[in-house]
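Residue strings, one per chain:
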Amino acid sequence: MATLLDSHDARKSAATAAGQAPENSTGWSRLLGLAACRGARFRFGPTAGEAAARCVLLRVKRGRRTLRHVIAVVPEQRTLDLIAVARLYGGASAGFVTPETADALTGCTDRQVPPYSPDPGLEVVLDQSLRDAPEIGFNDVRPEVAVTFATEDYTTLATPRVAAITATA
């Protein structure tokens, strides 16, 4: 298994990844640039491996009114609990956003939502099962490239809310 990059190598790799990323990857470019500037430990690879997580952009509603939008970060192999997300934010329901809404909120398509938002109105919530893992990886950077962060560094950068948002088996 490859080791996490030190900050010098990370800056060089982040600049390369940001320069070659698809045009709709604005959120990813911001996260990788921030990670490189702050010396976060991360690496690129073909897949995220055991620590793979996926990001889902959701809307939380009460009645017909949308209360807020949320980026949920969950383990790839677990099922997102929409009821838990709705309750976490005081809503009656939670659901997936349209691709157009995803693009408007993050600059990314609904399949490439970054695990980070500089917008305080778009909160990131991390499933608690990922909090204690040494690493967390994301396969959504580009189709053939994943990025894996030291979990401690990722949580420092993204400052996610941590809660149980996946169904228990």
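Everything quoted here is computed from the prediction, not taken from an experiment.

Enquirer: Tell me about the overall build of the protein chain, and name the residues and values.
Expert: Scanning the protein chain from N- to C-terminus turns up six helices and eight strands. When the helices and strands of the protein chain are read in sequence order from the N terminus, they spell out α-α-β-β-β-α-β-α-β-α-β-β-α-β. Counting over 169 residues, the protein chain shows a buried share of 46%. Counting contacts in the protein chain only where the partners sit at least 6 residues apart, residues at least 24 apart contribute 72% of the total. Carbon and sulfur atoms make up 49% of the accessible area of the protein chain, which amounts to about 8,600 Å² in all.

Enquirer: Give a detailed account of unusual backbone geometry, specifying residues and quantitative values.
Expert: A positive phi angle, near 40 degrees, is found at Thr159, a position not held by glycine. Thr159 sits in the exposed class, given a relative accessible area of 59%.

Enquirer: Explain the environment of Ile71 to me, using residue names and the numbers behind them.
Expert: Structurally, the position occupied by Ile71 is in strand E3 (residues 65-75). The exposure class assigned to Ile71 is buried, which follows from its relative accessible area of 0%. Along the primary structure Ile71 and Ser117 are separated by 46 residues, whereas in three dimensions their C-alpha atoms are 8.2 Å apart. Excluding anything up to four places from it in sequence, Ile71 contacts Cys55, Val56, Leu57, Val113, Pro114, Pro115, Tyr116, Ser117, Leu122, Glu123, Val124 and Val125.

Enquirer: Run through the environment of Val147, naming residues and quoting values.
Expert: Locating Val147 in the fold gives a position in strand E7 (residues 145-150). Judged by its relative accessible area of 0%, Val147 is buried. Separated by 100 residues in the primary sequence, Val147 and Thr47 place their C-alpha atoms 7.8 Å from one another.

Definitions and limits used
Numbers given to residues run from 1 along each chain, matching the order in which its sequence is written. Residues qualify for local features only when their pLDDT is at least 70, as the model is predicted, and side-chain atom pairs are given and counted only at 80 or more; totals for whole chains, interfaces and linings, by contrast, use all residues. With hydrogens and water set aside, each side-chain value is computed from the structure's full complement of heavy atoms. The way it works is that DSSP assigns letters per residue, a run of H or I at least four long becomes a helix, a run of E at least two long becomes a strand, and they are numbered from the N terminus. Throughout this description, buried means an accessible area under 20% of the type-specific maximum (1.4 Å probe, protein chains only), exposed means over 50%, and partly exposed covers the range between. In this description, contact between two residues means that some pair of their heavy atoms is separated by no more than 4.5 Å. The accessible surface values rely on the Shrake-Rupley method and a 1.4 Å probe; as for residues, cover is taken only from the protein chains in view.

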